[in-house]
Structure formats: C-alpha cells, structure tokens
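As a plain string of letters, each chain reads:
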Amino acid sequence: MKRIVLGLLAATAMVLPAFAADVQPAILYDLGGKFDKSFNEAAYHGAEKFKTETGTAYVEFEVSNASQREQALRRFAEDGRNPIVMAGFAWEDALKVVAKEYPDLNFAIIDDAVDLPNVRSLVFKENEGSYLVGILAAMASKTKKVSFIGGMDIPLIRKFECGYVGGAKSAGATDVIQNMTGDTPAAWNDPAKGGEIAKTQIDQGSDVVYAAAGGTGVGVLQAAADAGKLGIGVDSNQNGLQPGKVLTSMMKRVDVAVYTAFMDGKNGTFKGGLQNLGLKEGGVDYALDDNNKALVTDEMKAAVEKAKADIIAGKLEVHDYTADNACPY
C-alpha cells in the first residue's frame, strides 16, 4: 500500500507542473513593440493588471517581422499556453491555422474576427470614440481647421478617421485635413515621419492634430507640442506624453480586453465568438485627467457628454466608411 501511495504522489508531482503550464496565459504583440505608448502598450497593461491581481504569470512575444507570427503562435500552443491573446489584426492568418490544430486551447484576437469555436474575436467601434474627440478638437480649435494622421492605410484606421471627421464637423470644423503615414506595417513605428506630416498639416492651418498611428503618433504629438498646437492621443491615455499640449486621447480599451480574456481563462469561463465593443460596452471613450483638464472647458465637456449619451441611447448614429471606401460626412 505504501508503495502504491508513493507511486501516486510521484505521478501527481509530474502532472502538476504540466497543468500549471496549461493555465498560464500568453500574449503576442504586434509590430511597434509593447512599449509603443499606444495600442500594444495598452495590451501590456491589461496583462500586467491580471498578473498583479492574481499572482499568475504570463508569457509574451514581440514580433519583429511577419514571418515570425505563425512560428511564435505555434510555439505557445505547443507549450499549452492558455488562453493565448494576439494584439492586432495581422495575426489573423496564423491564428486560422494554429487554432484549428489546437481545438482544446482558447485564443483571442484583437482587431479582427476569426470564426472558430475556440477563438474570441474582439473588435471595437473606433468611429464612436473618434467622434467624441472630433467634437473636442473642433471646439478647441481657433482656426476651425483640424487634422488626422493615420498609420497604415487600412479599413480599420479609416474607422478612426471617419468618426473624427463626423464629430469635428458636427461641432463647427470647416476643414479636416487627412493623411496616412504609409501602406506597409512600417507606418506604425515611424515617429519622424509622423512629425513631418503633422508639421505640414499645421502649416496648412490645423491647430489640433489627431493621430491614430501606433508608435508613429508619439512623433505627431511631439510636433504639435513644439509648434504650440494641440495633439490628440489614441488607444492608451497619452495625455501625459505632452502634458498641457494633448487635448485628450481616444481610449480604446485593449487593456480591458486582454485582462478579461486572461481572467476568463483562469476562471474557466472563456467563450469564443465575436464581441464588438463601443461606447455602450465600455470599449472606447475619451480621456480626461489632470494633464488635460485645463484644456477641456465645461462647455466642451457638456457637448461631448451629450453626444456620448445620445450614441449609447441609439439617438445618434456614428457612421463608418462605406463599402466603396467613402465617409458619409
């Protein structure tokens, strides 16, 4: 009997480490790195919040080129990491392959949709949050000319752009200058080019510049501040990057999406399917804190809060780009 008990204990000792690895989550960042001050960093903060609250460690990977995606994802799956969260639409192709091969693992992708039972697809109504910061931009502008700088020219970034145009024009902007940084993934991490585009827009009369461009946006905010103009941040709360010079930030709660996915995995409540997160769901918002409170007047706050309430109640529809790539505003 003693020999049998010892044998069972030894077997248990071998099983426990494997089980611990099975419930350890993982996150894979997109190009630009986890400290891009924007999209990836928001994902990182969600993972860190989970680790702090639960004491459960996670593993991570920062992709540096597209060829690494499937290999990195497969490595985490082979190790039994669960759930595995991918930050960015560019993980879609790799996920479609790997998730099918590991049906017992849970995956989540941010900014794209993959129709598999073990995949949670998290997309956001960026146009709604961008509409709000567009209102603030127009009301803060002295020239009534504001501008937008996107990262990679893709439909996702056009959602930010269209909502911003709608909000700005609704609040009196006469012109919304619009530029994209590029058409390759390098557009997410080129602060110098972002700064150059911002300077050009300012020369054309813009005095409030909204950047939805990942790490490139850091250069946009710097250029706006150097010129004595206002910038608008994105994804993370970037108000503190140039205190008193960032009007607000369009908060895209990637941090909450990552935290919730990890927590659901830990609690055994993870479910696949599509989640489309807007103002009503707490997926997007605008940032107000000590760094920008002097820039947002009571009148501006009242206007943006009314629009927010109307959107949540379904009284105000915020348009997106149409199928033929046209913004209705």
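Only a predicted model underlies this, so the values are computations on that prediction, with no experimental measurement involved.

### Observations concerning the pattern of salt bridges
So, point 1. By the definition in use, this model includes 16 salt bridges.
So, point 2. For Glu 92, the salt bridge goes to Lys 96, with nearest N and O atoms at 2.9 Å. Pair noted here: Glu 92 and Lys 96 are both in helix H4 (residues 92-101), with a separation of four residues, about one helical turn.
So, point 3. The partner of Lys 308 in a salt bridge is Asp 285, and the shortest N-O contact between them spans 2.9 Å.

### Side note on the UniProt feature "domain: ABC transporter substrate-binding protein PnrA-like" (unreviewed entry) in the protein chain
So, point 1. The UniProt feature table records "domain: ABC transporter substrate-binding protein PnrA-like" (unreviewed entry) at residues 32-312.
So, point 2. The distance from the first to the last C-alpha atom of residues 32-312 is 33 Å, and the span holds 43% helix and 21% strand.

### Some points on H4
So, point 1. If you check which residues of H4 are buried, you get Glu 92, Ala 94, Leu 95, Val 98 and Ala 99. For H4, the angular spread of the buried residues around the axis is 145°, confining them to a single face. Opposite the buried face of H4, by more than 90 degrees, sit the exposed residues Asp 93 and Lys 100.
So, point 2. As for H4, its buried residues are in contact with helix H3 (69-78), strand E3 (84-87), strand E4 (107-110) and strand E5 (119-124).

### Describing the packing of aromatic side chains
So, point 1. Counted by the stated rule, this structure contains seven aromatic pairs.
So, point 2. Ring centres of Tyr 131 and Tyr 329 lie 6.4 Å apart, and the angle between their planes is 50°; on these two criteria the pair is classed as tilted. Of this pair, Tyr 131 sits in helix H5 (residues 126-140) while Tyr 329 sits in the segment after helix H10 (298-312); the two residues are 198 residues apart in sequence, bridging distant segments of the chain.
So, point 3. Given the relative accessible area of 29%, Tyr 329 is considered partly exposed.

### Points about the state of the cysteines
So, point 1. In total, this model carries one disulfide according to the counting rule given.
So, point 2. There is a disulfide in this structure between Cys 162 and Cys 327, and the S-S distance comes to 2.1 Å. Around the S-S axis, the bridge from Cys 162 to Cys 327 shows a dihedral of about 85° and counts as right-handed. Within this pair, whereas Cys 162 is found in helix H6 (residues 155-170), its partner Cys 327 is found in the segment after H10, the two being separated by 165 residues in sequence.

Scoring rules and cut-offs
- Residues numbered from 1 in each chain as written.
- Predicted model: local features only at pLDDT ≥ 70, side-chain atom pairs only at ≥ 80, totals over all residues.
- Heavy atoms only, no water.
- Salt bridge = Lys/Arg side-chain N within 4 Å of Asp/Glu carboxyl O.
- Helix = DSSP H or I, 4+ residues; strand = E, 2+ residues; numbered from the N terminus.
- UniProt positions renumbered as here; feature names shortened; annotations may be inferred.
- Buried < 20%, exposed > 50% of the residue type's maximum accessible area, 1.4 Å probe, protein only.
- Arc of directions from axis to C-beta.
- Contact = heavy atoms within 4.5 Å.
- Phe/Tyr/Trp six-rings, centres within 6.5 Å; stacked < 30°, edge-to-face > 60°.
- Disulfide = S-S within 2.5 Å.

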